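Residue-level listing of the chains:
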Amino acid sequence: MAKSLTRGFDAAFFRHLVVRQVRQDYLENLTGFAWLVIQPLLLLSVYAFVFTQIFKARISDAGEIGFVPFLAVAFWPWTAFSEAILKSSGAIANHAALVSKVAFANEQLPLATVTATFLMHGIGYLAVLLVLQLLGTDVHWLWLPVALILLVLLWLLACAIALFASSLQVFVRDVAQILPPLMTFWFFTTPILYSVSMLPDFLAGIMAWNPMTWFVVQFRDLLLFGRFEPGLAGLAMIVAVPLLFVLSLAWFRKFSGHFEDFL
Amino acid sequence: MTPLVRLAGVSKVYPRVHHPRERLRAFGSLLLGREPARGALVLNDVSLEVRRGQSLGIIGENGAGKSTLLKVLTGVIEPTRGTVECRARTAALLELGAGFQPDFSGMDNVRMKSAILGMSERDLDQRLDDILAFADIGQYIHEPVKHYSSGMVVRLGFAVVVASRPELLITDEVLAVGDESFQKKCIRWIDDFIENDGTLLLVSHSMYLVQKLCRHALWLRGGRVEEYGDAHRVTQDYLAWHEARNRAEELHRAEERGVHGHYAVHSLELTTPSGGETPVLATGDALSVDMVMRSPDGRVPVGMIGIVRVDGTPVYGVCTEDAAGCVRPVTGQEDQFHVCLELPDLALLPGQYTLRGHALDPEGMRVCDTMERTFRVRGETREFGMVRLAHRWR
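Here is what the cut-offs are and how they apply
- Residues take numbers from 1 onward in each chain, read along the sequence in its written order.
- Labels are handed out in written order, letters beginning with A for the chains and numbers beginning with 1 for the ligands.
- Side-chain atom pairs in this predicted model are given and counted only at pLDDT of 80 or more, local residue features only at pLDDT of at least 70, and totals for whole chains, interfaces and linings cover all residues.
- Values shown for side chains rest on all heavy atoms present in the structure; no hydrogens or waters enter the calculation.
- To define a nonpolar core, start from buried Ala, Val, Leu, Ile, Met, Phe, Trp, Tyr and Cys residues and group those joined through side-chain atoms within 4.5 Å.
- Using a 1.4 Å probe on the protein chains alone, a residue whose accessible area is under 20% of its type maximum counts as buried, one over 50% counts as exposed, and one in between counts as partly exposed.
- Helix and strand assignments follow DSSP, with helices taken as H or I runs no shorter than four residues and strands as E runs no shorter than two, numbered in order from the N terminus.
- Only heavy atoms matter for contacts: two residues are in contact if any of them lie within 4.5 Å across the pair.
- What makes two strands pair is DSSP finding at least two bridges between them.
- Axes here refer to lines fitted to C-alpha atoms; in helices the fit is confined to the stretch in contact. Angles between the N-to-C directions go from 0 to 180 degrees.
- Here the aromatic set is Phe, Tyr and Trp, taking the six-membered ring for Trp, and pairing holds for ring centres within 6.5 Å; pairs whose planes are under 30 degrees apart are stacked, those over 60 apart are edge-to-face, and all others are tilted.
- Consider the ring centre and the ring normal. A charge sits over the ring if Lys NZ or Arg CZ is within 6 Å of that centre and within 35 degrees of that normal.
- We count a salt bridge whenever a side-chain nitrogen from Lys or Arg sits within 4 Å of a carboxyl oxygen from Asp or Glu.
- Polar contact is the term for a pair of N or O atoms within 3.5 Å; when the atoms are in protein, one must be able to donate a hydrogen and the other to accept it, and sequence-neighboring residues count only if both atoms are side-chain atoms.
- All amino acids are sorted into three groups, where Ala, Val, Leu, Ile, Met, Phe, Trp, Tyr, Cys and Pro are nonpolar, Asp, Glu, Lys and Arg are charged, and the leftover types, Gly among them, are polar.
- Residue ranges labeled as domains rest on an automatic or database domain assignment.

1. Let's talk about the nonpolar core
Move 1: Within the largest apolar cluster, 93 residues are counted, with the highest numbers of intra-cluster contacts made by Phe81(A), Phe118(A), Leu154(A), Phe215(A) and Phe219(A).
Move 2: Of the residues forming this core, the biggest block, 17 residues, is contributed by helix 8 (residues 144-171) of chain A.
Move 3: Setting aside residues up to four positions removed in sequence, Phe81(A) forms contacts with Phe118(A), Leu154(A), Leu157(A), Ala158(A), Ile161(A), Met183(A), Trp186(A) and Met212(A).
Move 4: Of all hydrophobic cores here, the second largest spans 48 residues; its members include Ile59(B), Met119(B), Leu124(B) and Leu156(B).

Here's what the structure looks like:
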């Protein structure tokens, strides 16, 4: 099983792909590495300004924790997730020359993009947490390892979706147009800017089925409230996400031999 | 011994995907596991086997399916029907520089490419000097590849492939690029590679290269295997077919010229001991040429007969002016004149040749008409050139 999963997977090649992606997307600018931290912080201050000054947002169950930490802790994993999917969905089409000329396990392309994005945003996340701490929020650092494990699970979910989306986009080009509004919709239906407790019951019930809801709640619980209650949904995630990944990989491989026909 | 590469009944249909609707339909049949309803049949029931150390040349016209065959072979695409087995550490040069990212430096690209070819980091470190020496592009290695000339890209690409020490090397018209000295270097390396039990799959339009580097050849025509076997035989038949196809066209043109011109070649016939439509002979056989010319004013035209190799290189030519009285009127046909040229010992080396008969005006100043016939000299030899000169080792 494990062997067939890693068929054609080449660690050295994959590392090159990831490094290349990181360099392309984040380190091309002169101050590339600085931007990696500055950009998320700028974005955070924009959100903080808009939501605390203009909308006067109040989170009822945030307790003494302000809106900014409440938002930031959930916003970064989401950004990594969303950006990873959007970027990697074009991974095959963007590497048409490589895919149609060289034989290699094509799944490494979207997976490398997802990985690079998560790595970069993971670093940004740590920077943000550090800044939150410096600004007086009590970040529960002891729970950070668990949060990182959850981040890995989220990465796996992003990988699964990326494999499906990137292969589908080769055949149905409209995916590139459909995906961004779809991700925006997902963003607003996930309790990132708000809390589940602010919703009417029936909506909250529906939203419980959104896997991102679970992730967002866990990140907040772990890092802001210092508690970990994954519940039954957590168990389901542990099973469902890897399963989804395997299925998605199987789908991808079934069709990767036909990419060249459509590129 | 199990073959290194085996293709059995391989067919490939490329679906039509120009319009969004066609794409959807093609994707639909893919989902249902059906063959594309509408598409181009690029490979049709191709089977082949390559054993270790046995090199195969793949020849055919443009669009015959050669590149598709290589893509199926390397696993870039899946065949629509048939099975592909390849059990070798393969390096494919479908296009040198494929997988090179223009914005990254030569060095970065070397790292990337060597990873694709399955070299570990340690292998690469050990072989990096060899790669740089083989590519011989100096300080450009640190520049982005987009600043390279096409020749430099090829050199770098080939150098990495050389370093990956493949068991099976697949090349597609790669040797056509690059300068003379680099080409020689590549061919020397491939020679060495084959010598050391390496296996080569070569797609080339150069029959010379195919004959030189491969023992077997496969001729693809319209996606089908037209002929598969000994490289000399297949390449010669391929050239003969090419010539035959061009001939009808040439004849037509020659006839048109004959009508408008003054003096014309009426017929040109080759007779050999074996006879046949396209004469085939062996080195040293006799060949006789009969040419009938037409003269509208009854004056005696000058005839000229020459032999050129298939690529147009002249081998020998001779003119009736130097042999008085050899142009004789045809009895009963006042406007026709006949010449007969005998070549008792045609010492041409194996290959494809064209014999040309020309009708000149009586002054021998102007070629008024030309007719061509091709013939083939068959056989295998280790001699070089076009003609066997009389010789003796002492």
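2. Let's talk about the sheet that holds strand 15 (residues 328-330) of chain B
What links the strands of a sheet is backbone hydrogen bonding, and the strands pair in either a parallel or an antiparallel sense.
Residues and elements named next belong to chain B.
Move 1: On the basis of which strands lie adjacent, the open sheet formed by four strands has the order 10-12-16-15 and antiparallel pairing. Bordering the open sheet on either side are strand 10 (264-271) and strand 15, each of which pairs with just one other strand. The mean inter-strand angle of the sheet, taken between neighbouring strand axes irrespective of direction, is 30 degrees.

3. A short note on the pairing of strand 6 (residues 168-172) of chain B
Moving residue by residue along a regular strand, the side chains alternate between the two faces of the sheet.
Residue and element names in this part refer to chain B.
Move 1: Across the five residues that make up strand 6, a large majority, five, are buried.
Move 2: Residues of strand 6 alternate between two faces, with Leu-168, Ile-170 and Asp-172 on one and Leu-169 and Thr-171 on the opposite face, all of them buried.
Move 3: In this sheet, strand 7 (residues 199-203) lies alongside strand 6 in parallel orientation, the contact comprising five bridges. The residue of strand 7 that forms the bridge with Thr-171 is Leu-202.

4. With respect to the sheet that holds strand 1 (residues 5-15) of chain B
Residue and element names in this part refer to chain B.
Move 1: On the basis of which strands lie adjacent, the open sheet formed by three strands has the order 2-1-4 and antiparallel pairing. Of all strands in the sheet, those bounded by a partner on one side alone are strand 2 (39-50) and strand 4 (81-86). Strand-to-strand, the axes of this sheet are offset by a mean angle of 25 degrees, without reference to chain direction.
Move 2: In this structure, strand 1 lies alongside strand 4, joined through five bridges in antiparallel fashion.

5. A few points about the packing of aromatic side chains
Move 1: Evaluated as defined, the whole model comprises 30 aromatic pairs over all chains.
Move 2: Ring geometry for Trp78(A) against Trp186(A): centres 6.0 Å apart, planes inclined by 75 degrees, an arrangement best described as edge-to-face. With a gap of 108 residues between them, Trp78(A) in helix 4 (residues 67-88) and Trp186(A) in helix 9 (residues 175-188) connect regions that are remote in the sequence.
Move 3: Aromatic rings pair up to connect Tyr47(A), Phe51(A), Phe67(A), Phe75(A), Trp76(A), Trp78(A), Phe81(A), Trp186(A), Phe187(A) and Phe188(A) into one cluster.
Move 4: Over the ring of Tyr14(B) we find Lys12(B); its NZ or CZ atom is 5.1 Å from the centre of that ring.
Move 5: Between Lys185(B) and the ring centre of Phe134(B), over which it is positioned, the NZ or CZ distance is 5.0 Å.

6. Examining the interface of chain A and chain B
Move 1: Listed as interface residues are 29 residues of chain A and, on the opposing side, 30 residues of chain B.
Move 2: Applying the counting rule to chain A against chain B returns four salt bridges.
Move 3: Ionic pairing is found between Arg23(A) and Asp108(B), a salt bridge with its closest N-O pair at 3.1 Å.
Move 4: The tally of links between chain A and chain B comes to ten residue pairs in polar contact (both at pLDDT 80 or more).
Move 5: Breaking the side of chain A that touches chain B down by element, the ones donating at least two residues are helix 2 (11-25), helix 6 (96-99), helix 8, helix 12 (231-256) and helix 13 (259-262) of chain A.
Move 6: In terms of residues, the side of chain A that touches chain B owes the most to one element, helix 2 of chain A, which gives eight residues.
Move 7: Along the lines of polarity and charge, the residues of the side of chain A that touches chain B split into 14 nonpolar, six polar and nine charged.

7. Here we look at the domain arrangement of chain B
Move 1: What the domain assignment reports for chain B is domain 1 (5-238) and domain 2 (261-378).
Move 2: Relative to domain 2 of chain B, the C-alpha centre of domain 1 of chain B lies at a distance of 44 Å.

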